[in-house]
Amino acid sequence: MCPPESPPGPRSPAPPSPATLPDLGELYQELILDHYRRPRNKGKLEQPTHGAALNNPLCGDEVDLELRVQNDVITDVRFVGRGCSISQAAASMMTQVIKDRPLTEALSLAGRMSAMMHGDEAAARDKSLGDLRALVGVARFPVRVKCALLPWNALQDALKSSGTASR
Ligand code: ZN
């Protein structure tokens, strides 16, 4: 499990308190919790062309990603998943920045995100990462880096899958 969070469930009706997150700065915590509580692009896609499901056994996080790719552009994306707030917020944030992007750009964003999570300060200033920059502080918590990168690893796996895409 991922300390110091407890999983959401019927026994814990209260939303997770910001205090349960690593110290990422107040503004960033708000943004992360906002995505966690109100995930963007959550659900299943009709007729996805690519998909991948990954989990992070260290933490119990799961992300199942579906993409629709047309003419090498990600025209739609959805995810379902569960797990810690960082993994789920990262998935939500990722779907926002990769939607309507060419595949090459989405993959280069995956590289930027990975660089940021491994301490690259230039990557952390890259505005094209959007809300994902709120996760920069996670780089200080190596155990949580896997949470933040889980959806991106799913993206890379999904794009490697041939799917049913007609290209
Ligand atoms: Zn996690």
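Let me sum up the structure you'll find in this document. (Residues numbered from 1 in each chain as written. Predicted model: local features only at pLDDT ≥ 70, side-chain atom pairs only at ≥ 80, totals over all residues.)

1. Structural notes on the environment of Ala-134
By secondary structure assignment, the location of Ala-134 is in the loop between α4 (121-124) and α5 (142-160). In this structure, the C-alpha to C-alpha distance between Ala-134 and Met-93, residues 41 residues apart in sequence, is 9.6 Å. Leave out the neighbours within four places in its chain, and Ala-134 touches Tyr-28, Leu-31 and Ile-32. (Helix = DSSP H or I, 4+ residues; strand = E, 2+ residues; numbered from the N terminus. Contact = placed C-beta atoms within 7 Å.)

2. A look at the sheet that holds strand β1 (residues 50-56)
Reading across the sheet, the three strands line up as β1-β2-β3 and stay open at both edges, with antiparallel pairing between neighbours. Of all the strands in the sheet, just β1 and β3 (73-82) have a single pairing partner and so form its edges. Adjacent strand axes in the sheet meet at a mean angle of 15° when their direction is disregarded. Strand direction decides the pairing type here: β1 and strand β2 (residues 61-70), joined by seven bridges, are antiparallel. Looking at β2, one finds that Ala-53 is bridged to Asp-64. Of the strands in this sheet, β1, β2 and β3 are in contact with helix α2 (residues 85-98), which crosses β3 at around 170°. (Pairing = 2+ DSSP bridges. Axes fitted to C-alpha atoms, helices over the stretch in contact; angles between N-to-C directions.)

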